[in-house]
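Here is how the chains run, residue by residue.
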Amino acid sequence: MEDGYQNKTAFIKGAKDIAKEVKRQAAKKVGRGVDKMTDEYSKRSYSRFEEDDDDDYPGVPGGQDGGYYRSDSQAANDDEGGHSDSTEGHDEDDEIYEGEYQGIPRAGSVKTADGLAGVGSPTGRDGQQFRDMAQFEGERRKDQEELAQQYETILQECGHGKFQWTLYFVLGLALMADGVEIFVVGFVLPSAEKDMCLSEESKGMLGLIVYLGMMVGAFLWGGMADRIGRRQSLLICLSINSVFSFFSSFVQGYSTFLFCRLLSGVGIGGSIPIVFSYYSEFLAQEKRGEHLSWLCMFWMIGGIYASAMAWAIIPHYGWSFQMGSAYQFHSWRVFVLVCAFPSVAAIASLTTMPESPRFYLENGKHDEGWMILKQVHDTNMRAKGHPEKVFSVTTIKTVKQMDELVDMGGDMSTLRRYKLKLTSLFQQVRSNFLAIFNPEYRRTTFMMMAVWFTMSFSYYGLTVWFPDMIKYIQKQEYASRTKVFTKERVEHVTFNFTLENQVHRQGQYFNDKFINLKMKSMVFEDSVFEECYFEDITSSRSFFRNCTFIATLFYNTDLFQNRIINSRLINSTFLHNKEGCLLDFTDDNNAYMIYFVSFLGTLAVLPGNIVSALLMDKIGRLRMLAGSSVISCVSCFFLSFGSTESGMIALLCLFGGISIASWNALDVLTVELYPSDKRTTAFGFLNALCKLAAVLGISIFQSFVGITKAVPILFAAGALAAGSFLALKLPETRGQVLQ
């Protein structure tokens, strides 16, 4: 059986080589066509670009049969211009062995350009294959350049209208879901930490797990989108986000909640790289910078949505329910569930939109790309009141594809088939990722890595440091109002009201009753409680230190173990203790402040979004990026004057409003610097690096809260200054066609 397979492979290879040699000889007799492109809007004609080795749409030299824009009768007579790999199941060279092979070529099975040449010694064959691969890459690059020019002209004919605006709102929902994901854990953490009995280490891990998931997701789905398509990849990653966001609202344990939020982050991590690449491939050159900047507004809308929902839902503890002591569903879980809605809406809307035609054309699928471009044209023309206008393009250049051959024999198991497909896909994604470090893109990639890292380090570090500083200032102000009582003696008194923000030292309490009350920030030190009675007590940040309890009864309280520290219990009894972690009912005002600050900080980026959208195509991407970074750097030094709560909120809004223009310019620049077959791979990698820098920035900046402002200010200003300097070394992409 092994010999039979090898014979069959040798036969197929020989037949392919002979067929190609015949084709080459026939092409030489006809001669080469002249590469020529005339203006679409003046003469409406293009001459077919023909290659030596690959005539996808051959035509007679000097005639119009090979043109891009042709009459209907000419198009009808063209037998080779209306099919693709998808519709036929194979390409022109595959007809001999149709149905026998798919996937990636085995070693030594790559076609040679000169028929039977290279069959001799292994060294000669390897050298020939190397030359063939170099020739193939050159032809492919030429095809991509030709396609880029023609694609831009076609988008000009399609115009900008209803189709692009519909896609704008659909992709905006996906970007909105990403904005929501950033805020979810931060808003639920104050409630979830008590509901799940979280330690400080567990809280820190829960805060960082989303960034870790998004980092993995950006890299994974960015690479996948260049191989299986933008639309399909975006649907998969949004579905993962929706499913695990839904599950995370119901799971009870900390570990399962952490796992669900991790996978939710992995899902949504792919949205930013795919959304910007997807939308850019429907935009003509003069509209691209402006409308990609308008798209960024949905990230802001996501933050506003999350803040508003948290404000409206989480403090309403009456929305909770429980089934026994094992299952509890508090209001913060309702908020987590509501935050999955944008992702679900994006999935439902995206199913009505087509794949990127540029992706199809880059992968040799002419008919699919042509049909989508025709749909864009017809939708826009009907909306503008010109339904009679006909899409005049009949043939579009497609990029030459490498033969992908993998043995998929009938005796192979299903598991083996899927394993081969996944291996093939992994190798393609890996090869695409390594390609962005090729000499052609290496300098651009390293420069972009530095700019993304410095921007993310400073932005995320400061945006988390601001709320922490506000909370620190609040605690300092709260502590300044603490009342201190020393050596007091209280006898036969009943306390049935809230006790808050007090310190009692060396007190004596005899036959007193503490019934049905809440203790918030209450501290008793070196005090004696004799024949006292505590019933139905709920405490928050309240402690008894070095106290003595004599003949005292505790009934239905949470004053046990961690609340009573280094104290003596003499003939005292605890009955029906409140076990487990309870939600803190006393932090409503603080919760409202957190949501309000986040709402203001997110809303403050609106002016920056508008300015960047209006000026992006006028002043250029680099000036916008460097200018916004420099102004943000200068604004960092005003942080030293933020000594009050209102002052810190104002500085947060100022920094957010200025820095958003840098992010918009960076997103547009990233889309335009890389070719279509590597665009989402590069964007995903850079966005993953961004999340890594965010984790480092948050960890470093938080460690200086309450210690010093100088270090965070210097770190942020230095990173922004370095980023703006490096940005000016990047190539300007304004006015260029999309590669």
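Residues numbered from 1 in each chain as written. Predicted model: local features only at pLDDT ≥ 70, side-chain atom pairs only at ≥ 80, totals over all residues. Heavy atoms only, no water.

Participant: Hey, could you run me through the packing of aromatic side chains in this one?
Facilitator: Applying the stated criterion across every chain yields a total of 50 aromatic pairs. Between Phe534 and Phe544 the ring centres are 6.3 Å apart and the planes differ by 85°, which places this aromatic pair in the edge-to-face class. Of this pair, Phe534 sits in strand S12 (residues 533-540) while Phe544 is found in strand S13 (residues 543-545), placing the two residues ten residues apart along the sequence. Phe544 gets classed as buried once you look at its relative accessible area, which sits at 1%. Among the aromatic residues, ring-to-ring pairing joins Phe495, Phe497, Tyr509, Phe514, Phe524, Phe529, Phe534, Phe544, Phe549, Phe554 and Phe574 into one connected group. (Phe/Tyr/Trp six-rings, centres within 6.5 Å; stacked < 30°, edge-to-face > 60°. Helix = DSSP H or I, 4+ residues; strand = E, 2+ residues; numbered from the N terminus. Buried < 20%, exposed > 50% of the residue type's maximum accessible area, 1.4 Å probe, protein only.)

Participant: Please explain the pairing of strand S10 (residues 513-525) as it appears in this structure.
Facilitator: Side-chain positions along a regular strand alternate between the two faces of the sheet. With two bridges joining them, strand S7 (residues 494-495) and S10 adopt parallel strand pairing. Paired with Phe495 across the bridge in S10 is Phe514. Direction of pairing for strand S8 (residues 499-505) relative to S10: parallel, over a ladder of six bridges. Paired with His504 across the strands is Phe524, a residue of S10. (Pairing = 2+ DSSP bridges.)

Participant: Looking at this structure, how should I read a nonpolar patch on the surface?
Facilitator: Nonpolar side chains collect at one region of the surface, where Ile610, Val611, Leu614 and Leu615 lie side by side and expose about 300 Å² of accessible area between them. Structurally, Leu615 can be placed in helix H19 (residues 606-619). According to the relative accessible area criterion, Leu615 is partly exposed, its value standing at 32%. (Patch = residues over 30% accessible without salt bridge, like charges linked within 9 Å, V, L, I, M, F, W, Y side chains within 5 Å. Areas by Shrake-Rupley, 256 points an atom, 1.4 Å probe, with all protein chains shown as cover. Salt bridge = Lys/Arg side-chain N within 4 Å of Asp/Glu carboxyl O.)

Participant: It is not clear to me how the sheet that holds strand S11 (residues 528-530) should be interpreted in this structure. Could you clarify?
Facilitator: Consider a sheet: its strands pair through backbone hydrogen bonds, and that pairing is either parallel or antiparallel. As summarised here, the arrangement of the five strands in space is S6-S9-S11-S14-S17, forming an open sheet in which the pairing is parallel. The open sheet has two edge strands, strand S6 (489-491) and strand S17 (568-570), and neither has a second partner. For this sheet, the mean angle separating the axes of adjacent strands, direction not counted, is 5°. Strand direction decides the pairing type here: strand S14 (residues 548-550) and S17, joined by three bridges, are parallel. Within S17, the position partnered with Phe549 by the bridge is Leu569. (Axes fitted to C-alpha atoms, helices over the stretch in contact; angles between N-to-C directions.)

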